[in-house]
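Residue-level structural notes
Now for the letters of each chain:
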Amino acid sequence: MKKLESILFNINLPSRKAYPGAILVAEPFLRENYFNHAVLCLIEHGQPGTSMGLVLNKQTNYMLSDLVSSVSRTDPVPVFCGGPMSCDRMYVVHRLNDIIPGSQRIANGLYVSGDFDAVIEYVNSGMPIDGYMRFCLGYSGWGAGQLNEELRKNVWAVAPVTDPAVLLTGSEDGYWHRQVKRMGKNYRGWLYHPQNPRMN
């Protein structure tokens, strides 16, 4: 029993600092609507102290053609909820910097935004979307020092981007579980907690 308890309630997690390009993985008890079992990619962190990231695994009910009139692609392209801030703004996370001018590098092989006309041209060409790009409405933001305080309290685990294609594939709870498994044995206790304990 003690061994099981040590797995379920392990709080001796690795202490890691956030950095632009890091992956933030929500701890299993975080109940905020936008961040329950969320996985974010951190876009900005540091001076003047504010941070900005995009949730990658929360799919909305919108398809890209619902929001962008120039989309002519017939198969649906899902749109994800990047966070609760500026929900009228769309971001594109992708690994296509060679064909999308003006892309901002996030991490090795991973980029954000760029020339939106080039993005839509890629979409309309019928080229693959899953594993290559992800559309996010809104973003997640933290004030000065706020994210560092949440990290100190183990609200988020910090992980590197190891495979951009995998990061842009899948969604929802299964996506979170996959990312936790990739972070190793220190986090295995997280996998035993239900997404909504009230359902048990």
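Preceding block: the structure.
A brief look at the structure comes next. Keep in mind it's a predicted model, so treat the numbers as computed, not measured.

Counting secondary structure elements, the protein contains six helices and 10 strands. Evaluated residue by residue, the protein yields a buried proportion of 44% over its 200 residues. Only carbon and sulfur atoms are counted for the fraction: they give 50% of the accessible area of the protein, which is about 10,600 Å².

Let us now look at helix α3 (residues 116-124). Those residues of α3 not exposed but buried are Ala 118, Val 119, Ile 120, Tyr 122 and Val 123. The inward-facing, buried residues of α3 contact α2 (64-67), β6 (85-94) and β9 (133-142). Positive phi shows up at Gly 126, right after α3, with a value of about 85 degrees.

On to empty space enclosed by the protein, then. By the definition in use, this model includes one cavity of 30 Å³ or more. Roughly 70 Å³ of internal volume is contained in the largest cavity. As for the largest cavity, its lining consists of Pro 160, Val 161, Thr 162, Asp 163, Val 166, Leu 167, Arg 178, Gln 179 and Arg 182. Of all the secondary structure elements, the ones that give two or more residues to the lining of the largest cavity are α5 (164-167) and α6 (172-182). Sorting elements by how many residues they give to the lining of the largest cavity places α6 first, with three residues. In terms of residue class, the lining of the largest cavity is made up of four nonpolar, two polar and three charged.

Take Lys 58: it is sitting in the loop between β3 (51-55) and β4 (59-63). Within the buried core, Lys 58 has no salt-bridge partner, and the shortest N-O distance to an opposite charge, that of Glu 172, equals 4.8 Å.

Any two side chains of opposite charge can pair, given that their charged atoms come close. Taken as a whole and assessed by the stated rule, the structure comprises four salt bridges. As a salt-bridge pair, Asp 130 and Arg 134 come within 3.8 Å of each other at their nearest N and O atoms. The partner of Lys 153 in a salt bridge is Glu 149, and the shortest N-O contact between them spans 3.7 Å. Its relative accessible area of 54% is what places Lys 153 among the exposed residues. Residue classification places Glu 149 among the partly exposed residues on the basis of a relative accessible area of 31%. Overlapping salt bridges bring together Glu 149, Arg 152 and Lys 153 as one network.

This next bit is on the pairing of strand β5 (residues 78-81). The pairing of β4 with β5 spans two bridges and is antiparallel. Note on β5: the bridge partner recorded for Met 63 is Pro 78. Pairing of β5 with β9, which is carried by three bridges, proceeds in the parallel orientation. When the sheet's bridge partners are listed, Cys 81 is paired in β9 with Leu 137.

Another point: the nonpolar core. Counting 43 residues, the largest nonpolar core has Val 25, Leu 110 and Trp 156 as the members making the most contacts within it. With five residues, strand β2 (residues 39-45) is the largest single contributor of residues to this core. In this structure, Val 25 is in contact with Ala 38, Val 39, Val 155, Trp 156, Ala 157, Trp 176, Gln 179, Val 180, Met 183 and Trp 190, ignoring residues within four places of it in sequence. Within the second largest apolar cluster, 16 residues are counted, among which are Val 68, Ile 120, Tyr 122 and Phe 135.

Parameters and conventions
- Residues numbered from 1 in each chain as written.
- Predicted model: local features only at pLDDT ≥ 70, side-chain atom pairs only at ≥ 80, totals over all residues.
- Heavy atoms only, no water.
- Helix = DSSP H or I, 4+ residues; strand = E, 2+ residues; numbered from the N terminus.
- Buried < 20%, exposed > 50% of the residue type's maximum accessible area, 1.4 Å probe, protein only.
- Areas by Shrake-Rupley, 256 points an atom, 1.4 Å probe, with all protein chains shown as cover.
- Contact = heavy atoms within 4.5 Å.
- 1 Å grid on protein atoms, 1.4 Å probe; cavity = no way out; pocket = protein on both sides within 12 Å on 5 of 7 lines; lining within 4 Å.
- Points joined across faces, edges and corners; volume = space filled by probe spheres on them.
- Nonpolar A, V, L, I, M, F, W, Y, C, P; charged D, E, K, R; others polar.
- Lys, Arg positive; Asp, Glu negative; His and termini not counted.
- Salt bridge = Lys/Arg side-chain N within 4 Å of Asp/Glu carboxyl O.
- Pairing = 2+ DSSP bridges.
- Core = buried A, V, L, I, M, F, W, Y, C linked by side-chain atoms within 4.5 Å.

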